[in-house]
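Descriptive analysis of the structure
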Amino acid sequence: MISPPVQHSLTEPNEVTPAEDECLSESVPLINATGKKLLEEIDARNEPPLFDLRTKDLHETHRLTVSESTRTVEAQASPEDPHTTAVGFETRYTELVAIEQDTRNHKETEHKLMKTGRLHEELTKKGTAEKCERMWIEQLFRKSPVSVNPVNIIVVSGMAGIGKTTMVQKIMYDWARGTQYQRFAFVFMFKFRELNLLDNENETQMSLTKLIERHYKYLSNDPLKDVLKNPETLLFIFDGLDEYKHKLDFTQSQLCSNQDVEVPVHILITSLVSQTLLKGCSVLITSRPKPLEAMDMERVDQFVKILGFFPEQRLMYCKKFFGDSSLAAQAFQYVKENTILYTMCFSPSYCWMICSALKSHFMTPEKAKSEALQVGQWLCETQNKELIRDTIGEDLKMNFRKMTLSAVECAVLAAVISCCGELKEFNLSETPLTTECIKRLEPGLSCCSKVW
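Owing to the predicted nature of the structure, the values given are computational and were not obtained by experimental measurement.

1. Brief notes about the packing of aromatic side chains
Enumeration according to the criterion identifies 18 aromatic pairs in this entry. Ring plane angle 25° and centroid distance 6.1 Å describe the contact between Y317 and F321, whose orientation is recorded as stacked. Placement of the pair is Y317 and F321 together in helix α11 (residues 311–322), with a separation of four residues, close to one helical turn. In this structure Y317 comes out as buried when scored by relative accessible area, which is 11%. By relative accessible area, which is 6% here, F321 ends up buried. Cluster of aromatic residues (ring-pair linked, three or more members): F186, F188, F190, F192, Y216, Y218, F236, F238 and Y244.

2. Observations concerning helix α9 (residues 221–228)
For α9, the set of buried residues is L224, D226, V227 and L228. Residues of α9 that are buried sit in contact with α2 (53–70), β5 (186–191), α8 (208–215) and β7 (234–239).

3. Points about the confidence of the model for the protein
Per-residue confidence for the protein averages 77 on the pLDDT scale, and 72% of its residues sit at or above 70. Here residues 1–45 is a poorly scored stretch, pLDDT under 50, and it has 86 contacts once near neighbours within four places are set aside; other chains count. Taken together, the stretch residues 108–116 has pLDDT below 50 and engages in 28 contacts with residues farther than four places along the chain or on a different chain.

4. Description of the sheet that holds strand β4 (residues 153–157)
Strand order in the open sheet formed by six strands is β3-β10-β4-β9-β7-β5, with mixed pairing between adjacent strands. For this open sheet the edge positions go to β3 (97–100) and β5, each flanked by a neighbour on one side alone. This sheet shows a mean twist of 20° between the axes of neighbouring strands, independent of strand direction. Both β5 and β7 contribute to a ladder of six bridges, which runs parallel. Considered in β7, the bridge of K191 is made with D239.

5. Let's talk about the sheet that holds strand β13 (residues 448–451)
Here three strands make up an open sheet; going across it, the order is β11-β12-β13 and the pairing parallel. Edge positions in the sheet fall to β11 (397–399) and β13, since each has one partner strand and no second. The mean inter-strand angle of the sheet, taken between neighbouring strand axes irrespective of direction, is 15°. Pairing between strand β12 (residues 423–427) and β13: three bridges, direction parallel. Counterpart to F426 in the pairing with β13 is V451. Its contacts with the sheet place helix α17 (residues 407–420) against β11, β12 and β13, and it is angled at close to 165° to β12.

6. Brief notes about the side chain of E243
Locating E243 in the fold gives a position in the loop between β7 and β8 (263–264). If sequence neighbours within four positions are ignored, E243 has contacts with R193, N196, E442 and S446.

7. Describing the side chain of T431
As for its position among the elements, T431 is in the loop between β12 and α18 (435–445). Polar contacts involving the side chain of T431 include one to the main-chain carbonyl oxygen of F400, which spans 2.6 Å. Excluding its chain neighbours within four sequence positions, the residues that come into contact with T431 are F400, R401, K402, M403 and L405.

Rules of the game
- Residues numbered from 1 in each chain as written.
- Predicted model: local features only at pLDDT ≥ 70, side-chain atom pairs only at ≥ 80, totals over all residues.
- Heavy atoms only, no water.
- Phe/Tyr/Trp six-rings, centres within 6.5 Å; stacked < 30°, edge-to-face > 60°.
- Helix = DSSP H or I, 4+ residues; strand = E, 2+ residues; numbered from the N terminus.
- Buried < 20%, exposed > 50% of the residue type's maximum accessible area, 1.4 Å probe, protein only.
- Contact = heavy atoms within 4.5 Å.
- pLDDT = per-residue confidence, 0-100.
- Pairing = 2+ DSSP bridges.
- Axes fitted to C-alpha atoms, helices over the stretch in contact; angles between N-to-C directions.
- Polar contact = N/O pair within 3.5 Å; in protein donor to acceptor, adjacent residues only side chain to side chain.

Structure representation (structure tokens):
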């Protein structure tokens, strides 16, 4: 196991100050709780579009491809087990708590709300959360009853590990099954992390049609042009803006309007958002809070913040993770009785780490408790940027050469690097990494200038 970077006593997170409490209260719109009944207000445009024969065949091919790519998630039996198995997405997915946010004040309150697990818990205890307008994922494209304008541009914000990518998979999964978002004939998803690779392949400029063809080989030439003739039936999802190398520049002179003209990929994205390209299409962008400070939020129709798990979601996640209801109840009770562990479980990523630490050694409870508490200490430390910077050192280098790392340790490492914000060198040479380890490290790797 990785030793904690600094040995010191583990104290409980600070109590919420009046100023923080006021910040929490102002960070969410205080309106009457309306719950699931709001789903009935999804606008009439949710009706599926009509297709000609050729487009219908393409739609079916695309739907089956998306269904196949989203129906499972990889899971490890335990952090020490290098083998992963595919489990059904629905068997692991737990509903995330998200709220609508005013685009005008997102800068002041975003980070404050999620600073620690204790603030998140206080939000729940004081009942503030029940006064929020909770945003169910199915409602993302719901037009407000008082608005005449459609909801085309959506930004979803949340801290690292809070569930943004999982939410994207849920949207794609539900669309492919035909249960939600049927107003869209085609849904295209791109990861900003993968778009970075185009620079390395000397493909810094690309047309929108070529970008789609590159990711979806069966969509090409004339059939794709037919698809793009109906932009109001298209949804583009761009996941992980915080991992993108380029800044989104919304200057008018930097926008394009022709889907076949080659321009830098970041201009394609800003042009879709600005609606100069494929006017009427829908765009969803996910990001951590910081990059949104430079984004033109006036162009955004819907701004949503993911808060992660409230108590009922933590329990549900635990039940799905352990499978065995008796074992899940024991583990959840232990976590609930430990303030540090329980408050950190607001984050799905942290929840996974803690459950993994408990599950792998649950037959030897003392070891399980020790490991889970150590994970809890690490996670508390990942909230402290000054501590992390002091521990890593001024050279901003980390060396894990020839070490054996579990998936949990990789997840903690990613949290540490993400909080630090940058790392000049990260040495993993001759370190055996499983697929799950690489997946857990990925959020931190985007902050590294050089990885060995």
